Amino acid sequence: LAVAGWMAACGHPEQTVVAQYFNAVKAKDNQTLSSFSAVNFDKPVQSWKILVTSEETKGPAVLPSLIKAVKDAENQVSQNRQDATRYRNDHFSAWEQVQELQKKNQPMPATLSTVAETYQQFTKKDQELKKAVAHAKEAVDRERHLASLSLGQLPDLDTLEGEVLQKQLELELKIGGEPQAWNMSLRRYNMTRPGAGSRVLSRWIIQDLQPRS
């Protein structure tokens, strides 16, 4: 099955990939499924067939830009904390009073309103920026997982350059004796190593599988 998956990198991959997927589903072979698919399927499929195959589309590989987005978001968190520290040092006594009153949930006097508002702004921005970092890291993890399914566990995965190929399939699955319409998304990473220009071996993987509405 693994060999068949790598052979699907050429020619008409959809037949081999779909057959490999549903054969593994029937056999409840989760190890094989997780090796080339980002989506599980727990329905008993008696048979399947491809109704429509879309044209192959291409787009830039986004992992390097997603990694950069994480670093940029982390830098913004750091910059905001530095700005907060400078402001705190310039208004040390008032800042400490604001923090103490907030801890005790006591009313804020008018003399501390400006520092209190600035404190809240820095705190709110810190929370928002940390959420942005978390979301950016999640995006990197998702993309890195898809890339590793197609390319393998490569030590230089994050530095590869190239494009992402995609295909959309319309399937008819026989489940519980009844035909059902499903959409499947295939993806493959066409990558090279910077400088060397050598192409990295890759295969088509299953990115998504959803019932057609």
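Being a predicted model, the structure only gives us computed values, none of them experimental. (Residues numbered from 1 in each chain as written. Predicted model: local features only at pLDDT ≥ 70, side-chain atom pairs only at ≥ 80, totals over all residues. Heavy atoms only, no water.)

All right, on to the overall build of the protein chain then. Across its full length, the protein chain holds six helices and five strands. Ordered by position in the sequence, the α and β elements of the protein chain form the string α-α-α-β-β-α-α-α-β-β-β. Its C-alpha atoms give the protein chain a radius of gyration of 25 Å, more than 25% over the compact-globule value 17 Å for 213 residues. Summarising its shape, the C-alpha atoms of the protein chain cover approximately 75 × 50 × 30 Å along the three principal directions. Put simply, the protein chain has 213 residues, and 37% of those count as buried. Counting contacts in the protein chain only where the partners sit at least 6 residues apart, residues at least 24 apart contribute 67% of the total. Roughly 12,600 Å² of accessible area belongs to the protein chain as shown, and the carbon and sulfur atoms make up 50% of that amount. (Helix = DSSP H or I, 4+ residues; strand = E, 2+ residues; numbered from the N terminus. Rg over C-alpha atoms; globule rule 2.2 N^0.38 Å. Buried < 20%, exposed > 50% of the residue type's maximum accessible area, 1.4 Å probe, protein only. Contact = heavy atoms within 4.5 Å. Areas by Shrake-Rupley, 256 points an atom, 1.4 Å probe, with all protein chains shown as cover.)

Turning to the side chain of Arg187, a few remarks are in order. On the secondary structure map, Arg187 appears in strand 4 (residues 178–192). Looking at Arg187, its side chain comes within polar contact range of the side chain of Gln207, at 3.0 Å. Excluding anything up to four places from it in sequence, Arg187 contacts Glu143, Leu146, Val164, Leu165, Gln166, Arg203, Trp204, Ile205 and Gln207. (Polar contact = N/O pair within 3.5 Å; in protein donor to acceptor, adjacent residues only side chain to side chain.)

This next bit is on helix 5 (residues 92–103). In this model helix 5 runs 17 Å from its N-terminal to its C-terminal C-alpha over twelve residues, within 8% of the 16 Å that 1.5 Å per residue would give. Every buried residue of helix 5 is listed here: Ala94, Trp95, Val98 and Leu101. Along the axis of helix 5, the buried positions cluster into a sector of 130°, meaning they face one direction only. On the buried face of helix 5, the contacting elements are helix 4 (63–90) and helix 6 (113–151). After helix 5 finishes, the residue Asn105 shows a positive phi value of roughly 55°. (Expected span 1.5 Å × (residues − 1). Arc of directions from axis to C-beta.)

What follows covers the packing of aromatic side chains. Within this structure, the stated rule accounts for nine aromatic pairs. Here the aromatic rings of Trp95 and Tyr119 are separated by 4.9 Å at their centres, their planes lie at 75°, and the arrangement is edge-to-face. Of this pair, Trp95 sits in helix 5 while Tyr119 sits in helix 6, and the two are 24 residues apart along the sequence. As far as the burial class goes, Trp95 and Tyr119 line up, both buried. Three or more aromatic residues joined by ring pairs form one cluster here, namely Tyr21, Phe22, Phe36, Phe41, Trp48 and Trp182. Positioned above the aromatic ring of Trp204, the side-chain terminus of Lys167 is 5.9 Å from the ring centre. (Phe/Tyr/Trp six-rings, centres within 6.5 Å; stacked < 30°, edge-to-face > 60°. Lys NZ or Arg CZ within 6 Å of the ring centre and 35° of its normal.)

Although it is not a glycine, Lys28 sits at a positive phi angle of roughly 55°. Note on placement: Lys28 falls in the loop between helix 2 (13–27) and helix 3 (30–36). Unlike most non-glycine residues, Asn105 shows phi in positive territory, near 55°. Its place among the elements puts Asn105 in the loop between helix 5 and helix 6.

Below, the discussion takes up the confidence of the model for the protein chain. Low pLDDT marks regions whose predicted coordinates should not be analysed in detail. Across the protein chain, the average pLDDT comes to 91, with 94% of residues at 70 or higher. Low confidence marks residues 1–11, where pLDDT is under 50. Its contacts with residues over four positions away, or in another chain, come to 21 contacts. (pLDDT = per-residue confidence, 0-100.)

It is worth spelling out the nonpolar core at this point. Core analysis: the largest hydrophobic core is formed by 23 residues, its most contacted members being Tyr21, Phe22, Phe41, Met184 and Leu209. Listing elements by their share of this core, those giving two or more residues are helix 2, helix 3, strand 1 (45–53), strand 3 (161–175), strand 4 and strand 5 (205–211). Beyond its immediate sequence surroundings of up to four residues, Tyr21 is in contact with Leu33, Phe36, Ser37, Val39, Asn40, Phe41, Met184, Ile206 and Leu209. With 17 residues, the next largest nonpolar core counts Leu63, Val140, Leu146 and Met191 among its residues. (Core = buried A, V, L, I, M, F, W, Y, C linked by side-chain atoms within 4.5 Å.)

In this section: the pattern of salt bridges. Overall, the coordinates contain 14 salt bridges when judged by the stated rule. One salt bridge connects Asp126 with Lys130, and the closest N-O pair in it is separated by 3.1 Å. Of this pair, Asp126 and Lys130 are both found in helix 6, four residues apart, which corresponds to roughly one turn of the helix. What emerges from the salt-bridge pattern is a single network uniting Arg81, Asp126 and Lys130. (Salt bridge = Lys/Arg side-chain N within 4 Å of Asp/Glu carboxyl O.)

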